[in-house]
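Read off the chains here:
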Amino acid sequence: MATGGELLVSALRANGVEVVFGIPGTHNLEIYRHLGPDRLRVVTPRHEQGAGYAADGYARVTGRPGVVVTTSGPGLLNAAAAAGQAYSDSVPLLIVSPGMPLDHDRGSGLLHEVKDQPAALASVCARSRRVRTLPEMLRVVTGMFTDFALGRPRPVHLEVPCDLLAATADLTVPPAVRALPAAPSEEAVRAAAATLSEARRPALVAGGGARGAAAEVRALAELLGAPTVTTANGKGVLPEDHPLALGAGLHLPEVREFLLGADAVLAVGTELAETDTWDAPLRLRGPLIRVDLDPDQLHRPVAAHPLAGDAATVLAALRRAVGPRTAARSRQTGAARSAVTAYGGRWRPVVGALRAALPENAVLVNDSARVCYFGALTGFSVAGPGRFLYPTGFGTLGYALPAAIGAGVGAPGRPVAVLTGDGGLQFTVNELATAVETGLPLPVVVVNNGGYGMIRQEMAERGFPPVGVDLRGPDFPALSRAYGGAGTHATSPAELRDAVERALTVPGPTVIEVPEPPG
């Protein structure tokens, strides 16, 4: 006989889970009873939002679902912002929480009672499921991990009534289900391949859904001689020092103009949304071929030749169908390349110092800060996917520090660094304590402009004085030292580079505060 909590932990282990991020509480103790070093590693952030972002960072670096365990009520709702970010960026996240007892009379005033907890999470997750029996719980866990493997990865929520966690049953945990990746019909592949073969000016756009297909993206781009643009989430799918790489410049007018001149565009794993283009939907003159796991995405926001399926599987089939080409067609990419190179020049001293200090395989975790989306997005070159984490779409603040902790836990031994602003860092600055506990070296570069710089700028552009955007912050390096980490100030690129290199040799976080570059 095993309790519901023990069966739940066993089901997570059966599906390959090694780490959970969360905070124990009164109602989830029967889960925590069965966690620990001999079963699942537990990382305890200081806030459930931080737990969600950490699990998100873990998932982006490892390619495996991140798991969050919260208590009911406020604990779960604290994680909702992280669920929203994971939904926006198609990140696989499982949020597990207890719920009210099976025979709960709503409105009876129980501890942590929420009017409709599953409905609250359903609004930000792909689905939210309350189970009522232990066999159902095991089936649902297996089904959720199957969906992660076969469908568009997004956050899901599992609610187990707190009394069910303590109930006992003699059950066998079902094995994980693994199936072949989805693939489109041969006819659809042949038609798309014919379009690409005939194109004299082909181009590729790679999004986050192409991260697991980087080798196939490269092979197809080289076969077609197709310059390749990425979104923020696709950054590094084609190494950015590759002759065909145009980097993460989809938001630049010159890059979109280049795509407008293509006579065929292949878009892989991207929504082509406003958050990718920073503008209206992408306008194209030539045919658009789209590869996506999500059939509903294939014609939004513009119609396309659809290829529904796993990116690696579809691109391999396309490459075989295209066959050998006598020579790559030359393309004039000078204007687009120049725009990418010149963009964000104000931020290049900071971004360049970071790039020089960090090894090639390092992971840079970004926040919603100007230095990140105006500077690092185009200026921080990466040679592979999963090395540039950024909260696009939902655009949360406070993502970088806890997500970097999750990335470090998921890829031990791999250098990880944070790039953030003073406003965003203060959302989750308490996670410095968690970073100290992990003991992993973590440079935290905070560019300080005394508040919410982007909103201040937008207020000025709309012609009214700043309101509510000028913030008094702490001495961030001193705060890091108070938590048990390290901290310093850097006033030049050389000082910043030296500080980051030293931080990579020191256990725990090192906060490096730099002033915002003038401009």
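Definitions and limits used
- Residues numbered from 1 in each chain as written.
- Predicted model: local features only at pLDDT ≥ 70, side-chain atom pairs only at ≥ 80, totals over all residues.
- Heavy atoms only, no water.
- Pairing = 2+ DSSP bridges.
- Helix = DSSP H or I, 4+ residues; strand = E, 2+ residues; numbered from the N terminus.
- Contact = heavy atoms within 4.5 Å.
- Axes fitted to C-alpha atoms, helices over the stretch in contact; angles between N-to-C directions.
- Parallel < 35°, antiparallel > 145°, perpendicular 65-115°, else oblique.
- Left-handed = near helix turned anticlockwise from the far one by under 90°.
- Nonpolar A, V, L, I, M, F, W, Y, C, P; charged D, E, K, R; others polar.
- Buried < 20%, exposed > 50% of the residue type's maximum accessible area, 1.4 Å probe, protein only.
- Core = buried A, V, L, I, M, F, W, Y, C linked by side-chain atoms within 4.5 Å.

Undergrad: Could you give an account of the sheet that holds strand 17 (residues 442-448), with specific residues and numbers?
TA: Either a parallel or an antiparallel arrangement is found when strands of a sheet pair, and the pairing is made through backbone hydrogen bonds. The parallel open sheet is built from six strands, whose spatial order is 15-14-16-17-19-18. Strands with a single pairing partner mark the edges of an open sheet, and in this sheet they are strand 15 (388-389) and strand 18 (486-489). Here strand 18 pairs with strand 19 (residues 509-515) via four bridges, running parallel. Bridging from a neighbouring strand, Ala486 pairs with Thr510 of strand 19. Of the strands in this sheet, strand 14 (363-366), strand 15, strand 16 (416-421) and strand 17 touch helix 17 (residues 400-410), which is tilted by about 175° from strand 16.

Undergrad: Talk me through the sheet that holds strand 9 (residues 202-206); I want residue IDs and the actual numbers.
TA: Here we have five strands laid out as an open sheet, ordered 10-9-11-12-13, and parallel in their pairing. One side of each edge strand has no neighbouring strand; the edge strands of this open sheet are strand 10 (228-230) and strand 13 (305-308). Each adjacent strand pair in this sheet contributes to an overall mean axis angle of 15°, direction not counted. Across four bridges, strand 12 (residues 288-292) lies against strand 13 in parallel orientation. Looking across to strand 13, one finds that Ile289 is bridged to His305. Contacts from helix 9 (residues 186-198) reach strand 11 (264-268), strand 12 and strand 13 within the one sheet, and its direction differs from that of strand 13 by about 130°.

Undergrad: Describe the packing of helix 3 (residues 48-62) against helix 17, naming the residues involved and giving the relevant values.
TA: The interhelical angle for the contact between helix 3 and helix 17, taken along N-to-C directions, is 45°, at an axis separation of 6 Å. Between helix 3 and helix 17, the angle is such that the two are oblique. Between helix 3 and helix 17 the crossing geometry is right-handed. Contact with helix 3, carried on its side by Gly50, Tyr53, Ala54, Gly57, Tyr58, Val61 and Thr62, involves Pro402, Ala403, Gly406, Ala407, Val409 and Gly410 of helix 17 and no other residues of that element. Among the residues forming the contact of helix 3 with helix 17, the class breakdown is eight nonpolar, five polar and no charged.

Undergrad: Explain helix 16 (residues 370-379) to me, using residue names and the numbers behind them.
TA: Buried residues dominate helix 16, accounting for nine of its ten residues. The complete set of buried residues in helix 16 reads Arg370, Val371, Cys372, Tyr373, Phe374, Gly375, Ala376, Leu377 and Thr378.

Undergrad: Go over the environment of Ala169 with me, naming the residues and quoting the values.
TA: Mapped onto the elements of the fold, Ala169 is located in strand 8 (residues 168-169). Given the relative accessible area of 17%, Ala169 is considered buried. Through-space distance from the C-alpha of Ala169 to that of Thr3 is 6.5 Å; in sequence the pair is 166 residues apart. With residues near it in sequence (within four places) discarded, Ala169 still touches Met1, Ala2 and Leu134.

Undergrad: Mind laying out the packing of helix 1 (residues 4-14) against helix 7 (residues 134-150), listing which residues take part and the relevant values?
TA: Their axes nearest at 10 Å, the elements helix 1 and helix 7 cross at an angle of 20°. In this view, helix 1 runs roughly parallel relative to helix 7, as classed from their interaxial angle. In the packing of helix 1 onto helix 7, the handedness of the crossing is right-handed. On helix 7, the residues touching Gly4, Leu7, Leu8, Ala11 and Leu12 of helix 1 are Leu134, Met137, Leu138, Val141 and Phe145. Per-class residue counts for the contact of helix 1 with helix 7 are nine nonpolar, one polar and no charged.

Undergrad: I'd like a rundown of the nonpolar core, residues and numbers included.
TA: Counting 34 residues, the largest nonpolar core has Leu364, Phe380, Leu419, Leu496 and Ile512 as the members making the most contacts within it. Only helix 15 (348-357), helix 16, strand 16, strand 17, helix 22 (493-503) and strand 19 provide two or more residues apiece to this core. Counting residues per element, this core draws most heavily on helix 16, at six residues. For Leu419, the residues in contact, after removing those within four places along its chain, are Val350, Leu354, Leu364, Val365, Asn366, Asp367, Val371, Cys372, Ala376, Ala400, Val445 and Val447. Counting residues in each nonpolar core, the second largest holds 32 residues, with Val189, Ala192, Val237 and Ile289 among its members.

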